[in-house]
Structures are given as C-alpha cells and as structure tokens.
Amino acid sequence: MSLYDDAVLVLKGYEDQEELRQAYLDHLAAHSDGMWKACHAGHITASALVIDPARGRVLLTLHKKLRMWLQMGGHCEPQDTSVEAAALREATEESGVRGLALLPGGPVRLDRHPIPAPCHWHFDVQYAVLAPPDAVQEISDESLDLRWFAYDEVAAVADDSVVRLLEATRARL
C-alpha cells in the first residue's frame, strides 16, 4: 500500500474533527502529490507528542526555524510505510529517545496551519508516543533545545495547537 493510500485510510477511519478531516481528504483527492513537501498547495505532515504519563510530563522541542516549543514532527519521506510510521520516525529522530511506543487508537488530532511560501499549508496528522521509563533525550540538528515540561507548564510555553494535542492525548490515556 502506498503512503498516499495509507493516509486516505487513516483519515477515513478518524472519527473526530469531521470538517477538518474532510478538508484533508479533499486536499488529497485534488493533489496526487499531497503527501510530499513539493506540493505547493500544501502537504500532509506527521507529528507526535512524546509523553511520560508516569511523571506527568511531555517532551517538547524548541524548533530551530520557528523558535516555538512544539511536538516532534515533520515531512513524510519516501521510505515511510505509513503516516503512523512517519510520526514515530520523526519523534525518534527529533527527540533522540529510543523505544518510543505509539499510543493505540490512531491519530489523536488533526491540525492544519499555514506555512510560508512557496507552500501554503501543513495538514498535520498528530499522534502521541509513550516514552520508556528510562528515556534519555538527545537534541537534534532541527532543535535549539529539547525539554521535558509538566502538563501544567505546557500552556505557558507552547501555542494552542500543542495544548489541544496534550488535552486530547490525556483524554485518550
């Protein structure tokens, strides 16, 4: 199955955010290259919130280009076998944490946000991953910093999309 086909199946199976979910599906129907960064109308991205529920905290990255505290994530790559695999790959690469496990149940949220030209939109499919008890993070080239935040600290450092992702993740837990 192609990554495009997987994305369509994932989105069709996602039961929340009906209007936004349909916008993602419409985008893919209109753009056969809608999975890839080269699609200037916008493209699917995959991200994952790294969470340590035992300690009530999440790992956020201070994004180098955006200078914002965000969950791990980014563009899909040709070697990704699924959107879920892309999210797990991004989370592992950007956090340096080995042994991350996807929270069951598929995507936690969708978040569409504008980005600078030449592209126009990121259609982000957001997952959550559980960190192992002995998680050791390692900063990547894409980050200025990498830090654990208690649940109640996230709203003070991150934007509303990260706060909503944390809330949806905690509800699923």
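The structure reproduced in this document is the subject of the present report. Keep in mind the model is a prediction, meaning the values are calculated, not measured.

### A look at the packing of helix α1 (residues 3-13) against helix α2 (residues 18-30)
And step 1. It is the contact of α1 with α2, at a shortest axis distance of 10 Å, that shows an interaxial angle of 155 degrees. What the angle tells us is that α1 and α2 run roughly antiparallel. Relative to α2, the crossing made by α1 is left-handed. Listed contacts from α2 to Tyr-4, Ala-7, Val-8, Leu-11 and Lys-12 of α1 are Arg-21, Tyr-24, Leu-25, Leu-28 and Ala-29.
And step 2. Looking at side-chain class alone, the contact of α1 with α2 contains 8 nonpolar, no polar and 2 charged residues.

### Let's talk about unusual backbone geometry
And step 1. A positive phi angle, close to 50 degrees, is found at Gln-17, a residue other than glycine.
And step 2. Of note, Gln-17 is situated in the loop between α1 and α2.
And step 3. The class for Gln-17 is partly exposed, based on a relative accessible area of 24%.
And step 4. In this model, Arg-67 sits at a positive phi of 55 degrees, which is unusual for a non-glycine residue.
And step 5. Residue position: Arg-67 is located in the loop between β2 (57-63) and β3 (69-70).

### Thoughts on the packing of aromatic side chains
And step 1. Counted under the stated rule, the structure contains 2 aromatic pairs.
And step 2. Ring plane angle 90 degrees and centroid distance 5.1 Å describe the contact between Tyr-24 and Phe-123, whose orientation is recorded as edge-to-face. Of this pair, Tyr-24 sits in helix α2 while Phe-123 sits in strand β7 (residues 121-130), and the two are 99 residues apart along the sequence.
And step 3. Arg-112 extends its terminal NZ or CZ atom over the ring of Trp-121, reaching a point 5.1 Å from the ring centre.

### Quick word on the pairing of strand β1 (residues 43-52)
And step 1. Along β1, 10 of the 10 residues are buried, which leaves the element largely enclosed by surrounding structure.
And step 2. Along β1, one buried face is formed by His-43, Thr-45, Ser-47, Leu-49 and Ile-51 and the opposite face, lined by Ile-44, Ala-46, Ala-48, Val-50 and Asp-52, is buried too.
And step 3. Across 9 bridges, the pairing between β1 and β7 is parallel. For Ile-51, the partnering residue across the bridge sits in β7 and is Leu-130.
And step 4. Examined bridge by bridge, β1 and β2 share 3 bridges and lie antiparallel to one another. Note that in β2 the partner of Val-50 across the bridge is Leu-59.
And step 5. Linkage of β1 to β2, two consecutive antiparallel strands, is achieved through a turn of 4 residues, within which Gly-56 is found at a positive phi near 60 degrees.

### Here's the deal with the pattern of salt bridges
Opposite charge on two side chains permits pairing when their charged atoms draw close.
And step 1. In the structure shown here, the tally under the stated rule is 7 salt bridges.
And step 2. Across the pair Arg-89 and Asp-80 runs a salt bridge whose closest N-O atoms are separated by 2.7 Å.
And step 3. In this structure, the salt-bridge partner of Glu-93 is Arg-89, at a minimum N-O distance of 3.3 Å. You can see Glu-93 and its partner Arg-89 sitting in helix α3 (residues 83-95), 4 residues apart, about one turn around the helix.
And step 4. For Arg-89, a relative accessible area of 14% gives the class buried.

Reading guide: rules and limits
- Residues numbered from 1 in each chain as written.
- Predicted model: local features only at pLDDT ≥ 70, side-chain atom pairs only at ≥ 80, totals over all residues.
- Heavy atoms only, no water.
- Axes fitted to C-alpha atoms, helices over the stretch in contact; angles between N-to-C directions.
- Helix = DSSP H or I, 4+ residues; strand = E, 2+ residues; numbered from the N terminus.
- Parallel < 35°, antiparallel > 145°, perpendicular 65-115°, else oblique.
- Left-handed = near helix turned anticlockwise from the far one by under 90°.
- Contact = heavy atoms within 4.5 Å.
- Nonpolar A, V, L, I, M, F, W, Y, C, P; charged D, E, K, R; others polar.
- Buried < 20%, exposed > 50% of the residue type's maximum accessible area, 1.4 Å probe, protein only.
- Phe/Tyr/Trp six-rings, centres within 6.5 Å; stacked < 30°, edge-to-face > 60°.
- Lys NZ or Arg CZ within 6 Å of the ring centre and 35° of its normal.
- Pairing = 2+ DSSP bridges.
- Salt bridge = Lys/Arg side-chain N within 4 Å of Asp/Glu carboxyl O.

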